[in-house]
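Working through the structure, step by step
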Amino acid sequence: MILEGKMLIGQSAIHGSRDPIHAIDPASNERLSPAYPGGTEADVERACELAWAAFDHFRETSPEARAHFLETIAEEIEAIGDALIERAMLESGLPRARLEGERGRTCGQLRLFARVVRDGEWLDVRIDPALPERQPLPRVDLRQRHIGLGPVTVFGASNFPLAFSVAGGDTASALAAGCPVIVKAHSAHPGTSELVGRAVQRAVAKCELPEGVFSLLYGSGREVGQALVADPRIKAVGFTGSRSGGTALMKTAQNRPEPIPVYAEMSSINPVFLLPEALKARGTALGEAFVASLTMGAGQFCTNPGLVIAIDGPELDAFVAAAGEAIKVAAAQTMLTPGIFEAYESGVSGFSASDKATEVARGLRGEGPNQCQAGLFTVRAADFLADEALQAEIFGSTSLVVKCADLDEVKSVAEHLEGQLTATLQMDDGDLDVARKLLPILERRAGRVMANGWPTGVEVCDAMVHGGPFPATSDPRSTSVGTAAIQRFLRPVCYQDLPDALLPTALKHDNPLSLRRLVNGQRES
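The rules we used
Residues numbered from 1 in each chain as written. Predicted model: local features only at pLDDT ≥ 70, side-chain atom pairs only at ≥ 80, totals over all residues. Heavy atoms only, no water. Salt bridge = Lys/Arg side-chain N within 4 Å of Asp/Glu carboxyl O. Helix = DSSP H or I, 4+ residues; strand = E, 2+ residues; numbered from the N terminus. Buried < 20%, exposed > 50% of the residue type's maximum accessible area, 1.4 Å probe, protein only. 1 Å grid on protein atoms, 1.4 Å probe; cavity = no way out; pocket = protein on both sides within 12 Å on 5 of 7 lines; lining within 4 Å. Points joined across faces, edges and corners; volume = space filled by probe spheres on them. Nonpolar A, V, L, I, M, F, W, Y, C, P; charged D, E, K, R; others polar. Domains from an automatic or database assignment. Buried area = accessible area lost by both parts, 1.4 Å probe. Polar contact = N/O pair within 3.5 Å; in protein donor to acceptor, adjacent residues only side chain to side chain. UniProt positions renumbered as here; feature names shortened; annotations may be inferred.

Looking now at the pattern of salt bridges. When their charged atoms lie close together, side chains carrying opposite charge are able to pair. Applying the stated rule across the entire model yields 38 salt bridges. The partner of glutamate 60 in a salt bridge is arginine 59, and the shortest N-O contact between them spans 3.0 Å. The salt bridge involving lysine 328 is made with glutamate 325; its shortest N-O contact spans 3.2 Å. Of the two residues, lysine 328 and glutamate 325 are both situated in helix α10 (residues 314-328); the distance of three residues between them amounts to about one turn of the helix. We classify lysine 328 as partly exposed; its relative accessible area is 41%. Each member of the salt-bridge network shares a partner with another, and the members are Glu4, Lys6, Glu194 and Arg198.

This part takes up the layout of surface pockets. What the largest pocket holds in volume is close to 1100 Å³. For the largest pocket, the lining is made up of 45 residues, of which His186, Phe239, Gly241, Ser242 and Gly245 are closest to its centre. Elements that contribute at least two residues to the lining of the largest pocket include exactly α7 (223-230), β12 (236-240), α8 (243-254) and α11 (338-353). It is α11 that provides the largest number of residues to the lining of the largest pocket, a total of seven residues. Counted by class, the lining of the largest pocket contains 18 nonpolar, 21 polar and six charged residues. Inspection of the lining of the largest pocket shows a minimum of three residues originating in each of domain 1 (6-266 + 476-489) and domain 2 (271-451).

In this section: the domain arrangement of the protein chain. Per the domain assignment, the segments of the protein chain are domain 1 (6-266 + 476-489) and domain 2 (271-451). If you average the C-alpha positions of domain 1 and of domain 2, the two centres end up 33 Å apart. Taken together, both faces of the contact between domain 1 and domain 2 bury some 1200 Å²; the carbon and sulfur share is 56%. Run the count over domain 1 and domain 2 and you get one salt bridge. Taking the shortest distance from any N to any O, the salt bridge between glutamate 418 and arginine 243 comes out at 2.8 Å. Across the domain 1-domain 2 interface, the total number found is four residue pairs in polar contact (both at pLDDT 80 or more).

According to UniProt, the feature "domain: Aldehyde dehydrogenase" (unreviewed entry) maps to residues 19-460 in the numbering used here. The span residues 19-460 carries 45% helix and 19% strand; its end-to-end C-alpha distance comes to 37 Å.

What follows covers unusual backbone geometry. Following serine 33, the chain continues into proline 34 via a peptide bond in cis, with omega recorded as 0°. Within the fold, proline 34 resides in the loop between β5 (30-31) and β6 (36-38). Following glutamine 135, the chain continues into proline 136 via a peptide bond in cis, with omega recorded as 10°. Within the secondary structure layout, proline 136 lies in the loop between β7 (126-128) and β8 (142-148). A positive phi is found at asparagine 29, a non-glycine position, where the angle reads about 65°. By the secondary structure assignment, asparagine 29 is in the loop between β4 (24-25) and β5. For asparagine 29, a relative accessible area of 39% puts it in the partly exposed group.

Dropping the structure here:
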C-alpha cells in the first residue's frame with residue numbers, strides 16, 4: 001500500500017499546506033518518506049462541519065449497524081497485512097512481536113465494543129410509567145436513555161502507535177457511543193496513522209455511514225490540536241501524552257463559552273510497595289521480576305513501575321542487590337523518538353546529579369542512537385519527601401527505591417504521592433494487617449490496586465480501570481481501557497410523556513430491541 005502523505009477529511013484525501021511532519025526511524029535517526037504537511041484552520045473547519053452533520057444520523061444507528069461498523073474497522077485493519085507492522089516498526093523502533101500483539105489488541109478492542117453496543121447496557125434504559133391514579137399527585141411517564149455527547153477529538157499517543165492511536169481505545173469507545181471522531185495523528189508515526197486511517201475510512205464507506213463519522217488530521221505544532229478542542233462542534237476530547245500537553249488542552253476546553261470534558265491520561269510513576277513478609281521470603285526473586293517489568297519496552301509504558309517503597313533493612317538490601325545485578329545485564333533498547341530519549345536522559349541525569357539519590361546500577365549501553373540505558377537508584381524517605389524533583393516521572397527504564405524507617409514512614413510516602421494509574425502490593429499472608437492499613441490510602445491515590453503482580457500489562461475487559469486521580473488522568477471518574485470507557489462519551493436524556501411514535505427505539509413500549517430495562521425499579525429479564 002502506497003503512502004500519500006495526505007489527511008483524510010471525510011471520504012476525501014487532502015494534502016495539507018502547513019509545515020510538514022517527517023517520521024524518524026529512531027533506530028537510525030533517518031527521515032522517512034513521505035512528508036505529511038499539516039492542516040489549516042480551514043481543514044479543521046471542514047472536518048468539524050462534516051462531523052457535526054453526521055452526528056444526529058450516526059448516534060441513531062441501530063446497535064447492530066454500529067456493532068457491524070466497529071467489526072468492519074477491525075477487518076479492514078487486519079486486511080492491511082504486514083505493511084502496517086513494517087511501517088510501525090520503522091516509525092517506532094518497536095519489535096515486530098510487540099506490534100503484532102498491539103494490532104491484535106486494537107482489533108480486539110473494536111470487537112469488544114461491538115459486543116457492548118449489541119448488548120445495549122450502555123443505553124442504561126430506565127422507565128417509570130405514568131401513574132395517573134396515584135395520590136395525592138399523579139406521576140407522568142418518564143423514560144431515560146443515554147446518547148452520544150457529540151463529535152470527539154482523539155489525540156494519538158506516542159507509545160502505542162496502534163492501540164492508543166487512530167483506531168485505539170478512545171476512538172473505539174467514542175464510535176461505540178455514537179460519536180463521530182476526528183483524530184489528530186501523532187507526529188511520531190504519521191505513516192502508521194495514514195494506513196489505519198484509510199482502513200477506518202473504508203469501513204465508513206462500506207457501512208454506508210455519513211462521511212463525517214471519521215477524519216484524520218496532521219499538524220506539526222499545537223495549532224491543529226488546539227483549534228479542534230476550541231471548535232464549538234467538538235463535545236469531548238481523548239488524550240494520552242505528557243502532563244504539559246494534557247493540561248494545555250484542558251485549559252483550552254475550559255476557556256470555551258461551552259466547556260467540554262477532556263479525558264487526558266498524563267503522568268504516573270506506579271508505586272510498588274514491598275511488604276515485610278514478602279520481602280523476607282522472596283526479596284531476590286522480587287528484584288529480578290521487578291527489573292523485567294521495568295525494562296519491558298524500554299520502560300515506555302504508562303504503567304511502568306517507577307517507584308519502589310519498602311522498610312529499610314537486610315531484606316530490602318537483598319532486593320536492591322538482586323535488582324541491581326539484573327539491571328547491569330539489561331540490554332539497551334531503542335526509544336520511540338529522539339525527543340523521548342532526550343527527556344529520559346535529562347531525567348536520569350537529574351537523579352545522578354542529586355546529592356540525595358544513590359545510583360545502584362546502570363544497564364548496558366547501546367551502540368546506536370536513542371538507546372535507553374536502564375537505571376536503578378535509591379533514596380531515603382525523608383529526602384524523597386523533601387525533593388519534588390525525585391518524585392517526577394521518568395518515562396523509561398529507570399526507577400527509584402525509597403527506603404523507609406518503619407511502616408509509619410511508608411504510609412507517609414503513600415499519602416504524599418500524586419494520583420496514580422496503579423499501586424502494587426507485593427505481599428504474603430503475614431502482610432495482611434499491613435496491607436489493610438495501606439489499602440485505603442492506595443484506593444484514594446490510584447485507579448487500579450493489585451497484589452503480587454506488576455503494573456505493566458493492561459487487560460482489555462469489562463472490569464479494567466485505566467485511570468486515576470490527577471495527574472494520572474484529568475478525570476478520576478473514568479477509564480480509558482475496558483468497556484466502561486464508553487461512559488465518557490455519553491450523557492442521559494429523559495423523555496416525559498412523549499407519544500410512542502416519537503420515542504427512541506430503546507424506549508418504546510414494546511421494547512423492540514429486547515433490552516434489559518429498569519422498569520418501576522425492577523430489571524426486566
